[in-house]
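# Residue-level structure breakdown
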Amino acid sequence: MPSREPTREADSSPGPPLAAALTACSGGSSGSTAVGGDAEAPATSVSVNLTGKAAAPGGPVKVTLAHGKLKAVSVTDGEGGALAGRISADGRTWTSDRVAAPGTAYTVEAKDTDGGSDRAVFATAEAEKVNKLSLAPGKDTTVGIAQPLSVVFDHPVKDKAAVEKALKVSTSNDTEGSWGWLRDHSGKDRVDWRPKEYWKPGTKVTLDAQLNGVDTGADGGWFVRDYTTTFTVGAAQVVKVDLDRSRLALHRDGKQVLDIPMSAGTPGGEKASWRGTAVLMSKEGTINMRSETVGLGDAYDKMVDYSMRLTWSGMYVHAAPWNAGYFGQANRSSGCVGMSDADAAALYGQVRVGDPFEMTGTQAKGTVAEGNGYGAWNLSWEDWAAKSAL
């Protein structure tokens, strides 16, 4: 994901003769300088709200002309990045759309309608604490119809509204959706963007997280870069897991393509499976599963093939040949959905990260929580949208 490291210094060398002096202090001014002959441009005065080498970050850059009208203003950092902005209706003030980032040196160049121009430099103070994030799904991936955009933060986010405003989602077909704040299974702050309904196949999605310069609060710190990710939605696939019948079916474009006998978690205790909609988080192949990692003591320690993760708490779909006597008959696993090697291979080969697994039945220990994997689909649209900070 592209990033831009903070620039420590800006070029402050003098330029050619100037028609109007721009002063980098609030309310500062100076006289004009003749350009191109005896004609002299009118005196002008411009002020910039941020000055010095340790200006406060987190606010917009504001350039104000004392007399006349501004024609153009540019504010750039040492890497060539620019802060876009706009001139007020009266032509007197230019204000940046985005805020000044911490630890960054900026050059301001302004022109007025009478031909006056000059430049000024300032730098913002370094961030005492930096916040970072992780994004899902990965960039340029193709995912299933239930995959949310998911952002997990390294440090607590107090100003959730400021962060959410900086997260720009665009889709190829104007999909309706909403951000929702939740606590990740890891205990960290997290915000997910979920469409109102499952994605339409072929939808292209972009997240432009314009976070550089956003302050997340005293315990969280500042963001010092932007983030972006893009993905495409694949085929309309839904896996239906019937816990009471001990069967699993894969549906593609509304048609059933696989019907598999399976055995899920033993009902009546912590070994039971979850109900509700889970989203396939990852296809992990052959992995070592140990019961102590999910709070079940020394119940098992096995190498497991065709492992497909559904929750952070350890619910998988995978091959479980040792449980063959229960497939299609009863649920007798330690919480996962197990099936034969052949059936697991067939399912593993066809499902995609982001596919929904809709699990129904009475033999469950509860519903998948929104932070335990991607459980947002277990909330109504109204309840999910209410989790937005805006």
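Residues numbered from 1 in each chain as written. Predicted model: local features only at pLDDT ≥ 70, side-chain atom pairs only at ≥ 80, totals over all residues. Heavy atoms only, no water.

### Thoughts on the overall build of the protein
Scanning the protein from N- to C-terminus turns up three helices and 27 strands. Counting the 390 residues in the protein, one finds 47% classified as buried. Counted over contacts in the protein with a minimum sequence separation of 6, partners at least 24 positions apart contribute 65%. Counting only carbon and sulfur atoms, one obtains 48% of the accessible surface of the protein, whose full area is about 17700 Å². (Helix = DSSP H or I, 4+ residues; strand = E, 2+ residues; numbered from the N terminus. Buried < 20%, exposed > 50% of the residue type's maximum accessible area, 1.4 Å probe, protein only. Contact = heavy atoms within 4.5 Å. Areas by Shrake-Rupley, 256 points an atom, 1.4 Å probe, with all protein chains shown as cover.)

### A word on the confidence of the model for the protein
In the predicted model, the protein carries a mean pLDDT of 89, and 87% of its residues have values of at least 70. Every residue in residues 1–39 is under pLDDT 50, and counting partners more than four places away or in other chains gives 97 contacts. (pLDDT = per-residue confidence, 0-100.)

### With respect to the pattern of salt bridges
Per the stated rule, a full pass over the model turns up 11 salt bridges. Between R98 and D226 there is a salt bridge; the shortest N-O distance is 2.8 Å. Separated by 128 residues along the polypeptide, R98 in strand β7 (residues 93–99) and D226 in the loop between β16 (204–209) and β17 (227–233) bring together distant segments of the chain. Between K387 and E370 there is a salt bridge, with its nearest N and O atoms 3.4 Å apart. In this pair, K387 sits in the segment after α3 (381–385) while E370 sits in the loop between β27 (364–367) and α3, placing the two residues 17 residues apart along the sequence. Residue class for K387 comes out partly exposed when judged on its relative accessible area of 27%. Salt bridges here are not isolated pairs; linked through shared partners, they connect D184, R190 and D192. (Salt bridge = Lys/Arg side-chain N within 4 Å of Asp/Glu carboxyl O.)

### Points about the sheet that holds strand β25 (residues 337–339)
Read from one edge of the open sheet, four strands run β22-β23-β24-β25, paired in mixed fashion. In this open sheet, the two strands that pair with only one neighbour each are β22 (282–290) and β25. Each strand of the sheet is rotated relative to its neighbour by a mean of 35°, with strand direction disregarded. By the bridge criterion, seven bridges tie β22 to strand β23 (residues 301–309) in an arrangement that is antiparallel. What sits directly across from K283, in β23, is M308. (Pairing = 2+ DSSP bridges. Axes fitted to C-alpha atoms, helices over the stretch in contact; angles between N-to-C directions.)

### Side note on the environment of V108
Checked against the element boundaries, V108 lands in strand β8 (residues 105–112). Judged by relative accessible area, V108 falls into the buried class, the value being 1%. Note: C-alpha distance between V108 and V73 (35 residues apart in sequence) is 7.2 Å.

### With respect to helix α2 (residues 341–350)
Every buried residue of α2 is accounted for by A344, L347 and Y348. Projected onto a plane normal to the axis of α2, the buried residues spread over an arc of 100° and lie on a single side. Set apart from the buried face of α2 by more than 90 degrees, the exposed residues are A342 and G349. In the core, the buried residues of α2 are packed alongside β19 (247–252), β20 (255–261), β22, β23, β24 (316–319) and β25. (Arc of directions from axis to C-beta.)

### Focus: the side chain of D189
Mapped onto the elements of the fold, D189 is located in strand β15 (residues 189–195). Here V157 takes part through its backbone nitrogen, which lies 2.7 Å from a polar atom of the side chain of D189. With residues up to four places along the chain from it excluded, the contact list for D189 reads V151, V152, F153, P156, V157, K160, L182 and R183. (Polar contact = N/O pair within 3.5 Å; in protein donor to acceptor, adjacent residues only side chain to side chain.)

### Points about unusual backbone geometry
Cis geometry marks the peptide bond from A136 to P137; its omega dihedral reads 0°. As for its placement among the helices and strands, P137 is situated in the loop between β10 (133–136) and β11 (141–143). Even without glycine at this site, D174 takes up a positive phi of about 55°. Judged by relative accessible area, which is 71%, D174 ranks as exposed. Backbone geometry at Y306 places phi at a positive 55°, although glycine is not the residue there. We classify Y306 as partly exposed; its relative accessible area is 31%.

### Describing the sheet that holds strand β21 (residues 273–279)
To summarise the sheet geometry, strands pair through backbone hydrogen bonds and adopt either a parallel or an antiparallel arrangement. Ordered by their spatial adjacency, six strands build an open sheet running β20-β19-β18-β26-β21-β27, and the pairing between neighbours is mixed. Among the strands making up the open sheet, the edge pair consists of β20 and β27. Each strand axis lies, on average, 25° off the axis of its neighbour in the sheet, ignoring direction. Direction of pairing for strand β18 (residues 237–242) relative to strand β26 (residues 356–360): parallel, over a ladder of four bridges. Residue pairing across strands places K240 opposite E358, the latter belonging to β26. Taken strand by strand, α2 contacts β18, β19 and β20, and its axis lies near 145° from that of β20.

### Brief notes about the packing of aromatic side chains
Counting across every chain of the model gives eight aromatic pairs. Here the aromatic rings of W199 and F231 are separated by 5.9 Å at their centres, their planes lie at 85°, and the arrangement is edge-to-face. With W199 in the loop between β15 and β16 and F231 in strand β17, the pair connects residues that are 32 residues apart, well separated along the chain. We note that W199, like F231, is buried. One aromatic cluster in this structure is built from F153, W181, F223 and Y227. (Phe/Tyr/Trp six-rings, centres within 6.5 Å; stacked < 30°, edge-to-face > 60°.)

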